[in-house]
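Listed below are the residues making up each chain.
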2 protein chains.
Amino acid sequence: MARRTGRVTATDVAKEAGVSQTTVSYVLNDVSHQKISDGTRRKVLEAVAKLGYEPSAAARALRLGRSDLVLLFLPDVPVGGTLTALVELLGDELERHGLNLVTRRERHAPLKALWRELMPAAVMTAFDVADDDVAGMRAAGIHVVSAGMGPVVAPGVLTVPQTVIGTMQVDRLAATGHTRIGYAAPGDPRLRDFLDLRLDGARTACKERGLEPPVVLEVPLDISAAAAAAEQWHSAVPAVTGVCAYNDETAFALLAGMRRVGLAAPGDLAVIGVDNDKLAPFAVPPLTTIDNNLDVAVGRLARMIVSGVTGQSQPQTPQVSPLTLVVRESA
Amino acid sequence: MARRTGRVTATDVAKEAGVSQTTVSYVLNDVSHQKISDGTRRKVLEAVAKLGYEPSAAARALRLGRSDLVLLFLPDVPVGGTLTALVELLGDELERHGLNLVTRRERHAPLKALWRELMPAAVMTAFDVADDDVAGMRAAGIHVVSAGMGPVVAPGVLTVPQTVIGTMQVDRLAATGHTRIGYAAPGDPRLRDFLDLRLDGARTACKERGLEPPVVLEVPLDISAAAAAAEQWHSAVPAVTGVCAYNDETAFALLAGMRRVGLAAPGDLAVIGVDNDKLAPFAVPPLTTIDNNLDVAVGRLARMIVSGVTGQSQPQTPQVSPLTLVVRESA
DNA sequence: TTGTAGGCGTTATCAA
DNA sequence: TTGATAACGCCTACAA
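Here goes a summary of the coordinates provided. Being a predicted model, the structure only gives us computed values, none of them experimental.

Parameters and conventions
- The numbers attached to residues start from 1 for each chain and follow its sequence in the written order.
- Note on labels: chains are lettered from A, ligands numbered from 1, in written order.
- Per-residue local features are limited, in this predicted model, to residues with pLDDT of at least 70; the limit for side-chain atom pairs, both in listing and counting, is 80 or more; totals at the level of whole chains, interfaces and linings are taken over all residues.
- With hydrogens and water excluded, all non-hydrogen atoms of the structure serve as input to the side-chain values.
- Numbering of helices and strands starts at the N terminus; helices are DSSP runs of H or I of at least 4 residues and strands are runs of E of at least 2.
- Atoms counted for the radius of gyration: C-alpha only. Globule rule: 2.2 Å times the number of residues to the power 0.38.
- Under the scheme applied here, a residue whose accessible area is under 20% of the maximum for its type counts as buried, over 50% as exposed, and between as partly exposed, the area being computed with a 1.4 Å probe on protein chains only.
- Here, a strand pair is defined by DSSP locating no fewer than two bridges between the strands.
- The axes are straight lines fitted to the C-alpha atoms, using for helices just the contacting stretch, and the angles between their N-to-C directions are given from 0 to 180°.
- Whether two residues are in contact is decided by their heavy atoms: any pair within 4.5 Å suffices.
- The nearness test applies per residue and asks whether one of its heavy atoms lies within 4 Å of the molecule or strand.
- Pairing of N or O atoms within 3.5 Å defines a polar contact, subject to two protein rules: one partner must be a possible hydrogen donor and the other a possible acceptor, and residues neighboring in sequence count only if both atoms are side-chain atoms.
- Only Asp, Glu, Lys and Arg are considered charged, only Ala, Val, Leu, Ile, Met, Phe, Trp, Tyr, Cys and Pro nonpolar, and every remaining residue, Gly among them, polar.
- Between rings of Phe, Tyr and Trp, where Trp is taken as its six-membered ring, a pair exists when centres lie within 6.5 Å; planes separated by under 30 degrees are stacked, by over 60 edge-to-face, and by other angles tilted.
- Over a ring means this: the NZ of a Lys or the CZ of an Arg is within 6 Å of the ring centre and within 35 degrees of the ring normal.
- The term buried area means the drop in 1.4 Å probe accessible area that two parts suffer when joined, counted for both and summed.
- For this document, the term salt bridge refers to a Lys or Arg side-chain nitrogen within 4 Å of an Asp or Glu carboxyl oxygen.
- Our superposition of the copies is a least-squares fit, built on the C-alpha atoms of residues whose pLDDT is at least 70 in both.

## A look at the overall build of chain A
At step 1: Helices and strands together make up the secondary structure of chain A, namely 12 helices and 12 strands.
At step 2: Here the C-alpha atoms of chain A give a radius of gyration of 26 Å, more than 25% beyond the 20 Å that 2.2 N^0.38 yields for 331 residues.
At step 3: Taken along the three principal axes of its C-alpha coordinates, chain A extends 85 × 35 × 35 Å.
At step 4: Residues counted as buried form 52% of the 331 residues belonging to chain A.

The following block contains the structure:
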């Protein structure tokens, strides 16, 4: 008695097609070193269609020692437009290859417990990850791809160079004549790691140009606080005339604060963001920003993963995500 | 010879603890009808910790006939803040209960193939789903929860009443003295279904108040186009003085367009959005909008799912997501 | 070219 | 209170 659950199994298909279950498996996975007669193949496929058979992912994973899951570990930061887009794009791309994306936040699950439990085909981390963790996963036959943010450049790593972001912001402000630079830091402490890197980039760029280091003020997503920061920059001596915002959200808040105290961009204070948020063109004035071109980066990541999983080991050269300046009116 | 893969199995734990593999299973799942002596339990747990054992999700799923995956089907619309938040919140909540969220877009995968393949513990759909599909899943022991958008009110369904959104927008405009209403439709055709419902709500509200039906214009995320629409509303006879925007994005575009042609909100044209986007307070002027309180709604959904999966069948009463008006300055 | 048989790691039934 | 043992559905040497 096999049939206790309502599930249609490969054995059912075999019975329906009048062949052995082995043959069904061969047909479905079209094994290269096996010749299947056309008649047999057709019979099997018909039976599959007729019964509506779907292979059990669990059984397959158990047998193969790896599932068709791809684990995405995200840093524990508030999801902005950037990470959202990453998840969406990646999910779409992977599912096109029969892979399923499972997303987790760093904090909740110890990385190791999860990959051991799930036996994913690949793990991707959106932050730099400890070398021995990577080694463990690789040893278990899992393909690891990480999107680091630091200066690390290694095989299997796609680097989104956070420091360069800060540098590009300062470059733009300097190019438009600003010599006293401010930096608008976000309120959320969880963004600390990213902030430090971007800020580093900005500091370096200032130093290289012989400018004073940027004047860092916190600009939370609150108009009053943003207004206070704006005034502080504006009334400093010498006055800060251009501000790098941590991201577009912060830039929006800053612009709103400036408006409240009668300061205009870019005249009184130029503002440049990061992310090229969907709403950036509609800011007042339209927001100049840095676009991280995530769609391009994610395409590469997805390709790395897919080619890794499907065996054809890609060149695996280190990749750096392209950053572009989007000039509008605020800086 | 068992050890071919590097995996630590329950058998390894048993050997280490000097008990049978069965006992390990009992301890780990603390089966209620089984008494385990404290000494045995301790030995097992120590062995688990020492070896770093993690149960195989695949084996478990195969044996149980259901995995710990929860399948989320999203409508094929551009992910706005709303859906993003939903995915994030739901994922966080579920992982707290050991469930893993897998997200798919409607278009790509036929619903049926996917749940048959994955044997998920639960399926959640962010749209109304065909009754026989639901029946099929329920028959397979899968818990189904859907977040419908229509007027359907059924057990296991959380309704986000899209029509009410339109109604509330008109209500607000009417309450502030507007009698000629406009409706700003988004450019993306994939939003059609949502649009129709929201627009219906707006139409109904107008009719009930004895107002003309809303003047519908398309406002894509493009300043020039938005400007043209704004002028058209403003110069109509009688002039449209208040506009319901499909969502906050559309509202931002509209406000930007108005600015370009010298129209001010709410004086020349009042604008009310939907979503309470993070950036809404920073619009010029700050955007009045409808908040769908997704966090609340998602909390309920997650609870429905978790309680369904863990067995304790919740009341399962139909739920309606709470909508609130957030008054700022644009309307 | 097709079929037989064994095992992947778990849970659950039954006997000890 | 504990331990053998049989599935769960699939893949894959190996035999026919």
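## Overview of the sheet that holds strand β7 (residues 215–218) of chain B
Residue and element names in this part refer to chain B.
At step 1: Reading across from one edge, β7-β6-β8-β9-β10-β12 is the order of the six strands in this open sheet, with mixed pairing throughout. Either end of the sheet is taken by a strand with one partner, and the two such strands are β7 and β12 (324–326). Neighbour-to-neighbour, the strand axes of the sheet open up by a mean angle of 25°, direction not taken into account.
At step 2: Against the sheet, helix α9 (residues 192–208) engages β6 (181–185), β7 and β9 (270–274), with an angle of about 180° to β6.
At step 3: Running at roughly 160° to β7, helix α10 (residues 223–235) makes contact with β6, β7 and β8 (242–245) of the sheet.

## Considerations on the protein's contact with DNA strand D
At step 1: As a structural note, the neighbourhood of DNA strand D is formed by 31 residues, with Y53(A), R63(A), Q34(B), K35(B) and T40(B) the closest of them.
At step 2: The sugar-phosphate share of atoms of DNA strand D within 4 Å of the protein amounts to 61%.
At step 3: Within the side chain of R60(A), one N or O atom sits 3.4 Å away from a phosphate oxygen of DNA strand D.
At step 4: Between a base nitrogen of DNA strand D and a side-chain N or O atom of T22(B), the distance comes to 2.9 Å.
At step 5: Listing elements by their share of the surface near DNA strand D, those giving two or more residues are α2 (21–28) and α4 (57–64) of chain A together with α2 (21–28) and α4 (57–64) of chain B.
At step 6: Among the residues forming the surface near DNA strand D, the class breakdown is 11 nonpolar, 13 polar and seven charged.

## Regarding the packing of aromatic side chains
At step 1: One pass over the full model with this rule turns up one aromatic pair over all chains.
At step 2: Relative to F252(B), the ring of F252(A) lies with its centre 6.0 Å away and its plane at 80°, an arrangement referred to as edge-to-face. Of this pair, F252(A) sits in helix α11 (residues 248–260) while F252(B) is found in helix α11 (residues 248–260), placing the two residues in two different chains. A single burial state applies to F252(A) and to F252(B), both of which are buried.
At step 3: For the cation-ring pair, R198(A) lies above Y246(A), with the distance from its terminal atom to the ring centre recorded as 4.5 Å.

## What about the pairing of strand β10 (residues 288–291) of chain A?
All names here are of chain A.
At step 1: Burial along β10 is two-sided: the face carrying T288 and I290 and the face carrying T289 and D291 are both buried.
At step 2: Sheet analysis places strand β9 (residues 270–274) next to β10, joined by three bridges and oriented parallel. Paired with G273 across the bridge in β10 is T289.
At step 3: Examined bridge by bridge, β10 and strand β12 (residues 324–326) share three bridges and lie antiparallel to one another. For I290, the partnering residue across the bridge sits in β12 and is L325.

## A short note on the interface of chain A and chain B
At step 1: Listed as interface residues are 50 residues of chain A and, on the opposing side, 50 residues of chain B.
At step 2: Counting the surface chain A buries against chain B, the share from its top three residues, E95(A), L279(A) and F282(A), is 16%.
At step 3: Taken together, chain A and chain B are joined by eight salt bridges.
At step 4: Along the contact surface separating chain A from chain B lie 12 residue pairs in polar contact (both at pLDDT 80 or more).
At step 5: Counting only elements with at least two residues in the side of chain A that touches chain B, the list comes to α4, α5 (81–95), β2 (100–105), α6 (111–118) and α11 of chain A.

## Observations concerning the relation of the copies chain A and chain B
Think of it as a corkscrew move, a rotation about one axis and a shift along it, taking one chain copy to the other.
At step 1: Placing chain A over chain B gives an RMSD of 0.1 Å and needs a rotation angle of 180°, together with 0.0 Å of translation along the axis. When the rotation and shift are considered jointly, the pair of chain copies conforms to a two-fold rotation axis.
At step 2: Looking at the interface residues of chain A, 98% of them are also at the interface in chain B, so both copies use one shared face.

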